[in-house]
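# Close look at the chain arrangement
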Amino acid sequence: TLQIVTPGSNTSLIQPGFSLLHFGSHVFYLGQKGWPKRSCPTGVFLLDLKNNDLKLRPTTFTNDSCYLPPLRHPAVCSFSASQGGETTQYLIHGGKTPNNEISHKFYVMTMALPVNRRFSLCCSEKDLAGDIPEARYGHSMNVVFSRGKTAVVMFGGRSYMPLNQRTTENWNNVIDCEPLVYLIDLQFGCSTSFNLRELQDGLSFHVSLARNDTVYIFGGHSLVNNFRPPNVYKIKVDLPIGSPALSCTVINSNLSFSSSIATQTSPDEFVIVGGYESDSQKRLICNGVFLDDETIDIQEIETPNWTGEIKHSKTWFGADMGKGAVLFGIPVDNKHQSTDCSFFFYVLNFGDNDPALQTCSQGSTEEQEDSMPLEDSEEFTFNRDGNIFDEDT
């Protein structure tokens, strides 16, 4: 199903390159336009979608959290304590800040236990040792499980030219990062780089899917030769007691795309949607990807009934909402410039679940952007035994 949604409070902060983090029924937005304002000093928002009205609600962080800047195109992946379990953490690396600086930092995001039905997030910065990945954006991270152990696989991305090669004319030019695969031990923060002969060109804005001990890399764009490879790179990770081992197999898929979005519809099934087939051609077909222990099956699936605005727009962008749903936007054309928001937003749902999201109790019906935050001494609570109010009341 394809459903247009009405932009509401704070949706003017949505811009290309954003990320969505989903903890249970709660989805959070990261990557706001510009630096955070006082009304939301963290720059992370709860995505509130109800009755096709889209709003962003400011989110609180615990007192021991570190600062998380609004990042565009970082590598983001979910982490669960057990294989196939509920998401307990999100890992965030790299990305661009509103000043167009590229981050090299590694963050871990968790949801704190709710107090009085109010929840908050906790963000911590993790130091890496060993072969530390350089600052980058447009790359990918995935968690793999092997022999009862876990590790993070990082690949691809772009970065600025080295300082000793930059001049006034090319100061903001970006290049492909080296096609190294980084294996990161989350427990000790140790990072090891691997040079696999099957990976010759740097790639960015690719799709990566993980199952058990294997990561599959689809598409992507190489700046060196302006190329979108029609290959799937199957990277298998072995984590014995000694040194880890990586191997890579190249599978020809005849799919060539970049900047696509992947959403998971079942434990072994994914959908790839959106993106570009070339610099000037959007990719309007969708593919189902079915994974098992050894094989991968890619099939073209039924295409949504794209609207005229979607078909004719030159660009689009979005992110995975979880449970088979994708949020994406297209620029508002000249005929609709009177609208307050710069984009039309749609929810594309491939799953069986209604993508309508729950509103948390800290949501407010007033415009948070125009309100002054309460000081601690000004907060107050009503409580009446025997009555259970709706969360919006």
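Each remark here, short or long, concerns the structure printed above.
Residues numbered from 1 in each chain as written. Predicted model: local features only at pLDDT ≥ 70, side-chain atom pairs only at ≥ 80, totals over all residues. Heavy atoms only, no water.

## Focus on the overall build of the protein chain
- A tally of regular secondary structure across the protein chain gives one helix and 29 strands.
- In the protein chain, buried positions account for 49% of the 393 residues.
- Once local pairs closer than 6 in sequence are excluded, the contacts in the protein chain between residues at least 24 apart make up 55%. (Helix = DSSP H or I, 4+ residues; strand = E, 2+ residues; numbered from the N terminus. Buried < 20%, exposed > 50% of the residue type's maximum accessible area, 1.4 Å probe, protein only. Contact = heavy atoms within 4.5 Å.)

## Re the packing of aromatic side chains
- Counting across every chain of the model gives 11 aromatic pairs.
- A centroid spacing of 6.2 Å and a plane angle of 55° characterise the contact between Phe343 and Phe345, whose relative ring orientation is tilted.
- Phe343 sits in the buried class, given a relative accessible area of 16%.
- One aromatic cluster is present, built from ring pairs that chain together Phe18, Tyr29, Phe317, Phe343 and Phe345.
- Geometry around Phe257 places Arg283 over its ring, the cationic atom sitting 4.7 Å from the centre. (Phe/Tyr/Trp six-rings, centres within 6.5 Å; stacked < 30°, edge-to-face > 60°. Lys NZ or Arg CZ within 6 Å of the ring centre and 35° of its normal.)

## As for the environment of Tyr137
- Tracing the sequence through the fold places Tyr137 in the loop between strand S10 (129-130) and strand S11 (140-146).
- Measuring from C-alpha to C-alpha, the distance between Tyr137 and Gly95 comes to 4.4 Å, with 42 residues separating the pair along the chain.
- Sequence-distant contacts of Tyr137, that is, excluding residues within four places in its chain, are made with Arg72, His73, Gly95, Lys96, Ile102, Gly157, Arg158, Val174 and Phe205.

## Some details on the sheet that holds S11
- Across the sheet, five strands lie side by side as S10-S16-S15-S12-S11; this open sheet has mixed pairing. Looking at strand neighbours, the two that pair on one side only are S10 and S11, the edges of this open sheet.
- Pairing between S10 and strand S16 (residues 190-194): two bridges, direction parallel. Bridge assignment links Ala129 to a residue of S16, and that residue is Cys190. (Pairing = 2+ DSSP bridges.)

## Some words on the pairing of strand S26 (residues 296-301)
- Strand direction decides the pairing type here: strand S25 (residues 286-291) and S26, joined by six bridges, are antiparallel. Directly across from Gly288, in S26, lies its bridge partner Gln299.
- Where S25 hands over to S26, the hairpin turn is made up of four residues, counted between the paired strands.

## What about the pattern of salt bridges?
- Per the counting criterion, the structure on display carries 10 salt bridges.
- Residue Arg211 pairs with Asp268 through a salt bridge whose shortest N-O separation is 2.8 Å. A residue pair is termed long-range when its members are at least 10 positions apart, and Arg211 in strand S17 (residues 207-211) and Asp268 in the loop between strand S21 (261-266) and strand S22 (269-273) qualify at 57 residues.
- Looking at Asp268, the relative accessible area reads 29%, which means it is partly exposed.
- As a salt-bridge pair, Arg211 and Asp293 come within 2.7 Å of each other at their nearest N and O atoms. Residue Arg211 is located in strand S17, and its partner Asp293 is located in the loop between S25 and S26; the two are separated by 82 residues in the primary sequence.
- Note on Arg211: relative accessible area 17%, which makes it buried.
- Members of the salt-bridge network, linked through shared partners, are Arg211, Asp268 and Asp293. (Salt bridge = Lys/Arg side-chain N within 4 Å of Asp/Glu carboxyl O.)

## Section: the sheet that holds strand S3 (residues 26-30)
- Sheet architecture is open: eight strands sit in the order S2-S3-S4-S5-S1-S29-S28-S27, paired in mixed fashion. Looking at strand neighbours, the two that pair on one side only are strand S2 (19-23) and strand S27 (317-322), the edges of this open sheet. Averaged over all pairs of adjacent strands, the angle between their axes in this sheet comes to 35°, without regard to strand direction.
- Judged from the five bridges that link them, S27 and strand S28 (residues 325-331) form a sheet pairing that is antiparallel. Bridge pairing links Phe317 to Gly329 in S28. (Axes fitted to C-alpha atoms, helices over the stretch in contact; angles between N-to-C directions.)

## Quick notes on the side chain of Asn287
- Relative to the helices and strands, Asn287 resides in strand S25.
- Not counting residues within four places of it along the chain, the set of residues in contact with Asn287 comprises Leu255, Phe270, Val271, Ile272, Ile298, Gln299, Glu300 and Ile301.

## Some thoughts on the nonpolar core
- Among the nonpolar cores identified, the biggest contains 22 residues, and Leu20, Leu327 and Phe345 are the most heavily contacted of them.
- Elements with a contribution of two residues or more to this core: S3, strand S4 (44-50), strand S5 (53-58), S27, S28 and strand S29 (343-349).
- Setting aside its immediate chain neighbours within four residues, Leu327 contacts Phe18, Leu20, Leu47, Leu54, Phe317, Gly318, Ala319, Met321, Phe345, Tyr346 and Val347. (Core = buried A, V, L, I, M, F, W, Y, C linked by side-chain atoms within 4.5 Å.)

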